[in-house]
Amino acid sequence: MSTCKRLLHFARHRNVWTHVRRSVTTWSPVGAAFNAKPARRAELRLQSAGLFGVPELSCPAGFQVAAKSALRNTELLVGRACSCPPGVETVESFDQLSDGLCRVADLADFVKVAHPDPAFREAAEKTCIDIGTVVEKLNTNVELCKSLKNLLDDPDVVAQLDPDTRRVAELFMFDFEISGIHLDDKLRKEAVALHVKLLDLNNEFLVGSNMPNRIARSVIPEHLHLQFASEGSFIQVGGLHADSPDDLVREIAYRIYLHPNADLMNCLEELLKCRYKMAKLVGYESYGHRALKGTMAQTPGSHLAHDLFSSFFHRTAKDFRMMSDMKKKLNPRNSELMPWDHPYLSGVLRAERYNIEPSLYSPYLSLGACMDGLNILFSQLYGVSLMSEHPSTGEVWSEDVRKLAVVHETEGLLGYIYCDFFHRSDKPHQDCHFTIRGRRRCQDTGQYQLPVVVLMLSLPHPTKSAPTLLTPGMMENLFHEMGHAMHSMLGRTRYQHVTALKISPPGTRCATDFAEVPSILMEYFATDYRVISQFARHYQTGQPLPESMVARLCESKKVCGAADTQLQIFYAVLDQIYHGKPQNRSTTEILEEMQQKFYGLPYTPNTAWQLRFSHLIGYGAKYYSYLMSRAVASMVWRQCFVQDPLNREMGERYRREMLAHGGAKEPMLMVEGMLQRRPTMEDFVDALVSELNPNFETFIMDSES
């Protein structure tokens, strides 16, 4: 961008805080855009471009139009796939089929949870159900499957396919097989009915797992009423209040929020039964065996979780003793360590030992500064720039959503990232990434279809006196989600079906236990001083964030780190047990036993934590993926980036070996290509254990300061 253009771009964002010293406002254009107060758009008379620039989606009814168009195109592509001679054209037709349905379904999947207008949400949800039903029917379409089978059964045709085309053909065949295509008519109809039922159960559980519980106000001590939301004569509890310094508030929230709901319990029990029945119907030993095919783990058994448990057992016991001692110190009358104490007391121990009060860090971490940092990092590693663009009328769903163009120095425009960063009462209160459109090479033009993604955070709005200031945790989450986005942007997949990050049907292609690697790796960059020093400046004084503060922050994460990992091990094992062979006992009984065996803190009677375990939907049988992805990210960081986190040569290697392929390459082969060795299970365990080893340079730095 020329100097003149940069000045013009910056002039659009002159509503940056005027009292800040002139030297501090020298953000790059993208930093200035995110540190500017959002201005109201005077575009009421302009014609709407439609959500994400899709003209039909200028109103809720447009979803029906888009869905009908996609379904008409689906019929044409099914006919082409069934009639063309076996070869590359067959696979291309299948991929166009997948792309056409995903372009509507993925967009609707996002809108149904994020749009502030209920009419848009309802229309999007109906579209998701309609498309999902069609996908399940296609996966049991015998003629369609036969066209693919004819291709894969002909060794001469297969020999002429390039590796990507062959893998995509095999993945489509896998979709057919797990949907019961090989079954007779009666059983195939049963499989379709089970799929449809599972769609409904998944949605019911996902909605129910996030619904608040309520209790009569008279039951709660009056002085605590203000800690919770009120609903007439009831108190509403919508979360665990894990960070509350009041023991009683945490206990009340835990007991009420996790109180069993009979309808939701039945939903979960039925969901697990249907998953097992479906897996058995199509030839798998359990749902876990079906879900893990094609992942790094390959088969269930929780080997990583069990090996980690034995490695972390003694460290976890030590962490719990420290928490117990702290609780005795804070509350001598009620000193027993309980499950609702873990998150709060571990935070107290970290803060006491390392003085990491978030308010000390936030002035250095304005949103604009952090976006500047990401821009610098991506420029150094990949030659990529983030450029702020003004969205068209009707293109975004809230006026504070920002649009970024991702531009490579030689390849040009790579795609778009929509940044829905600010808190709204009607949006999910969790940080997440949505794929709206995947990358694929268009057969008619040879050009790549540009990917479109949304990053959703819940950051505080800027105030009259300051820009949005991030805590260290918020900053890490921003880097984490941007790791997902760049995985989508930097992919170079020929086929949409293996695009970078799609972990929910349709288009389930990037192995779940690999999908989190790029995002977790970004957390290491977010806590390395050589990266942070590039952008972390006090928004008023311009002073850099001291290195000793960054070092203390990094070391603080190791405090109670074993107990935190132990909790993840417990969740992973519980998930595996739920998706194994039927246990002939309730999910709560399983939970109680696994909690005692793999976590250590006592089960609280008349609670059902599993009913809040929403990951059972998107990550069913695969919750271990967080642990495995973290282990891989740790190995990649230590071997490839720890010496120089801004090394362009290593960044290009990382893109070439791990980011470019999406799901077009076996995940373990990508890891092996990056590390130039094949990691063993011991390597995975050692990577996570080594994370907790102290860095003695931090202690020296603290003593010197």
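Look above for the structure.
Note that the structure is a prediction, hence the values are computed from the model and not measured.

J.: For the overall build of the chain, give the residues involved together with the corresponding values.
T.: Within the chain, the regular secondary structure consists of 29 helices and 10 strands. For 705 residues, the compact-globule estimate of 2.2 N^0.38 gives 27 Å, and the chain sits close to it at 26 Å. With the C-alpha coordinates aligned to their principal axes, the bounding extent of the chain is approximately 75 × 70 × 60 Å. Within the chain, the fraction of its 705 residues that count as buried is 56%. Within the chain, contacts between residues at least 6 apart in sequence are counted, and of these 72% link residues at least 24 apart.

J.: Can you tell me about the pattern of salt bridges, naming the residues and giving the values?
T.: Under the counting rule described, the total for this entry stands at 39 salt bridges. The shortest N-O distance in the salt bridge between Lys-558 and Glu-555 comes to 2.8 Å. Accessibility expressed as a relative area gives 4% for Glu-555, which makes it buried. The network of salt bridges with common partners includes Asp-95, Asp-99, Arg-103 and Arg-440.

J.: Residue-level account of the environment of Asp-164, with values.
T.: Residue position: Asp-164 is located in helix α8 (residues 163–178). For the pair Asp-164 and Glu-357, spaced 193 residues apart in sequence, the C-alpha separation works out to 49 Å. Those residues within four positions of Asp-164 in sequence are excluded, and the remaining contacts are Tyr-495 and Ala-664.

J.: Any details on the sheet that holds strand β1 (residues 213–216)? Residues and values, ideally.
T.: Ordered by their spatial adjacency, 3 strands build an open sheet running β1-β3-β2, and the pairing between neighbours is antiparallel. Whereas interior strands pair on both sides, the edge strands pair on one side only; in this sheet they are β1 and β2 (229–231). Direction aside, the axes of adjacent strands within the sheet are offset by 35° on average.

J.: Describe unusual backbone geometry, and please don't skip the residues or the numbers.
T.: Positive phi, close to 50°, is recorded for His-241, a residue that is not glycine. By secondary structure assignment, the location of His-241 is in the loop between β3 (234–237) and α10 (247–257).

J.: Residues and numbers for helix α4 (residues 88–114), please.
T.: Its 27 residues give α4 an end-to-end C-alpha distance of 38 Å, which sits within 8% of 39 Å, the value for a rise of 1.5 Å per residue. The principal kink in α4, of about 30°, is found at Cys-102. Among the 27 residues that make up α4, 20 are buried, leaving the element largely enclosed by the rest of the structure.

J.: Can you tell me about the nonpolar core, naming the residues and giving the values?
T.: One finds Met-371, Phe-378, Ile-417, Phe-421 and Phe-641 to be the most contacted residues of the largest nonpolar core, which totals 166 residues. Leaving out residues up to four positions away in the same chain, Ile-417 has contacts with Arg-402, Lys-403, Leu-404, Val-406, Val-453, Leu-455, Met-482, Ala-485 and Met-489. The next biggest cluster of nonpolar side chains, apart from the first, holds 29 residues, and it includes Val-91, Ile-131, Leu-161 and Val-498.

J.: Can you lay out the pairing of strand β7 (residues 432–437) for me, pointing to particular residues and giving the numbers?
T.: Burial of β7 is extensive: 5 of the 6 residues sit out of reach of the surface. Where β7 lies against strand β10 (residues 452–459), 5 bridges are found, and the strand directions are antiparallel. Bridge pairing in β10 links Cys-432 to Met-456.

J.: Can you tell me about helix α3 (residues 62–83), naming the residues and giving the values?
T.: Here α3 is 22 residues long and its end C-alpha atoms lie 32 Å apart, about the 32 Å a rise of 1.5 Å per residue gives. Looking at the buried side of α3, the elements it contacts are α4, α5 (118–138) and α6 (142–152).

J.: Residue-level account of the packing of aromatic side chains, with values.
T.: Under the defined criterion, the tally for this structure stands at 28 aromatic pairs. Between Phe-52 and Phe-110 the ring centres are 5.9 Å apart and the planes differ by 70°, which places this aromatic pair in the edge-to-face class. You can see Phe-52 sitting in the loop between α2 (29–34) and α3 and its partner Phe-110 sitting in helix α4, a full 58 residues away along the chain. On the basis of relative accessible area, Phe-52 is assigned to the buried category, the value being 11%. Using a relative accessible area of 1% as the deciding quantity, one classes Phe-110 as buried. Taking 5.2 Å as the distance between ring centres and 65° as the angle between the ring planes, the aromatic pair formed by Phe-525 and Phe-641 counts as edge-to-face. One end of the pair, Phe-525, is in helix α19 (residues 517–526); the other, Phe-641, is in helix α25 (residues 625–641), with 116 residues separating them in the sequence. Among the aromatic residues, those joined into a cluster by ring pairs are Phe-320, Phe-570, Tyr-571, Tyr-599, Trp-609, Phe-613, Tyr-619, Tyr-623 and Tyr-626.

J.: I'd like a rundown of the sheet that holds strand β5 (residues 402–408), residues and numbers included.
T.: Taken together, the 5 strands give an open sheet; going across it, the order is β4-β5-β6-β10-β7, and neighbouring strands pair in mixed fashion. At either margin of the open sheet sits one strand with a lone partner, and together these are β4 (384–389) and β7. With strand direction ignored, the average angle separating the axes of adjacent strands in the sheet is 25°. Across the sheet, α4 is in contact with β7 and β10; its angle to β7 comes to roughly 145°. Its contacts with the sheet put helix α17 (residues 472–490) on β4, β5, β6 (412–422), β7 and β10, and the angle it makes with β10 is roughly 175°.

J.: Describe the side chain of Thr-316, naming the residues involved and giving the relevant values.
T.: Along the chain, Thr-316 falls in helix α13 (residues 303–330). The residues touching Thr-316, leaving out its near neighbours within four places in the chain, are Ala-562, Ala-563 and Gln-566.

J.: Which residues make up the pairing of β4, and what values go with them?
T.: With burial as the criterion, only one face of β4 is covered, namely that bearing Val-384, Leu-386 and Ser-388; the residues Ser-385, Met-387 and Glu-389 on the opposite face remain uncovered. By the bridge criterion, 6 bridges tie β4 to β5 in an arrangement that is antiparallel. Looking across to β5, one finds that Val-384 is bridged to His-408.

J.: For the packing of helix α16 (residues 367–382) against α17, give the residues involved together with the corresponding values.
T.: One way to put it is that α16 packs onto α17 with a least axis distance of 11 Å and a crossing angle of 40°. Between α16 and α17, the angle is such that the two are oblique. Judged by the sense of rotation from one axis to the other, the crossing of α16 with α17 is right-handed. Residues Leu-367, Cys-370, Met-371, Leu-374, Leu-377, Phe-378 and Tyr-382 of α16 form the contact with α17, whose own contacting residues are Met-475, Leu-478, Phe-479, Met-482, Met-486 and Leu-490. Of the residues assigned to the contact of α16 with α17, the class counts are 13 nonpolar, no polar and no charged.

J.: Can you break down the side chain of Lys-622 residue by residue, with the values?
T.: Looking at the secondary structure, you find Lys-622 in the loop between α24 (615–618) and α25. No salt bridge is formed by the buried Lys-622; its nearest oppositely charged neighbour, Asp-513, is found at 8.4 Å. Those residues in contact with Lys-622 that lie beyond four places of it in its chain are Ala-291, Leu-292, Thr-512 and Asp-575.

J.: Help me get a handle on the environment of Arg-648, residues and values and all.
T.: Counting through the fold element by element, Arg-648 comes out in helix α26 (residues 648–659). Expressed as a C-alpha distance, the spacing of Arg-648 and Gln-380, which sit 268 residues apart in the sequence, is 5.9 Å. With residues near it in sequence (within four places) discarded, Arg-648 still touches Ser-379, Gln-380, Leu-381, Tyr-382, Gly-383, His-408 and Glu-409. For Arg-648, the side chain forms a polar contact with the side chain of Glu-409, separated by 2.7 Å. A distance of 2.8 Å separates the side chain of Arg-648 from the side chain of Glu-652, its partner in a polar contact.

J.: Please provide a residue-by-residue account of a positive patch on the surface, values included.
T.: Residues Arg-315, Lys-318, Arg-321 and Arg-353 make up a contiguous surface patch of positive charge. Sorting elements by how many residues they give to the positive patch places α13 first, with 3 residues. With respect to the helices and strands, Arg-315 occurs in helix α13.

Reading guide: rules and limits
- Residues numbered from 1 in each chain as written.
- Predicted model: local features only at pLDDT ≥ 70, side-chain atom pairs only at ≥ 80, totals over all residues.
- Heavy atoms only, no water.
- Helix = DSSP H or I, 4+ residues; strand = E, 2+ residues; numbered from the N terminus.
- Rg over C-alpha atoms; globule rule 2.2 N^0.38 Å.
- Buried < 20%, exposed > 50% of the residue type's maximum accessible area, 1.4 Å probe, protein only.
- Contact = heavy atoms within 4.5 Å.
- Salt bridge = Lys/Arg side-chain N within 4 Å of Asp/Glu carboxyl O.
- Pairing = 2+ DSSP bridges.
- Axes fitted to C-alpha atoms, helices over the stretch in contact; angles between N-to-C directions.
- Expected span 1.5 Å × (residues − 1).
- Bend = angle between axes of the 7 residues up to and from the residue.
- Core = buried A, V, L, I, M, F, W, Y, C linked by side-chain atoms within 4.5 Å.
- Phe/Tyr/Trp six-rings, centres within 6.5 Å; stacked < 30°, edge-to-face > 60°.
- Parallel < 35°, antiparallel > 145°, perpendicular 65-115°, else oblique.
- Left-handed = near helix turned anticlockwise from the far one by under 90°.
- Nonpolar A, V, L, I, M, F, W, Y, C, P; charged D, E, K, R; others polar.
- Lys, Arg positive; Asp, Glu negative; His and termini not counted.
- Polar contact = N/O pair within 3.5 Å; in protein donor to acceptor, adjacent residues only side chain to side chain.
- Patch = residues over 30% accessible without salt bridge, like charges linked within 9 Å, V, L, I, M, F, W, Y side chains within 5 Å.
- Areas by Shrake-Rupley, 256 points an atom, 1.4 Å probe, with all protein chains shown as cover.
- Charge placed at Lys NZ, Arg CZ, Asp CG, Glu CD.

Everything listed here is a matter of coordinates, which is why it stays silent on function.
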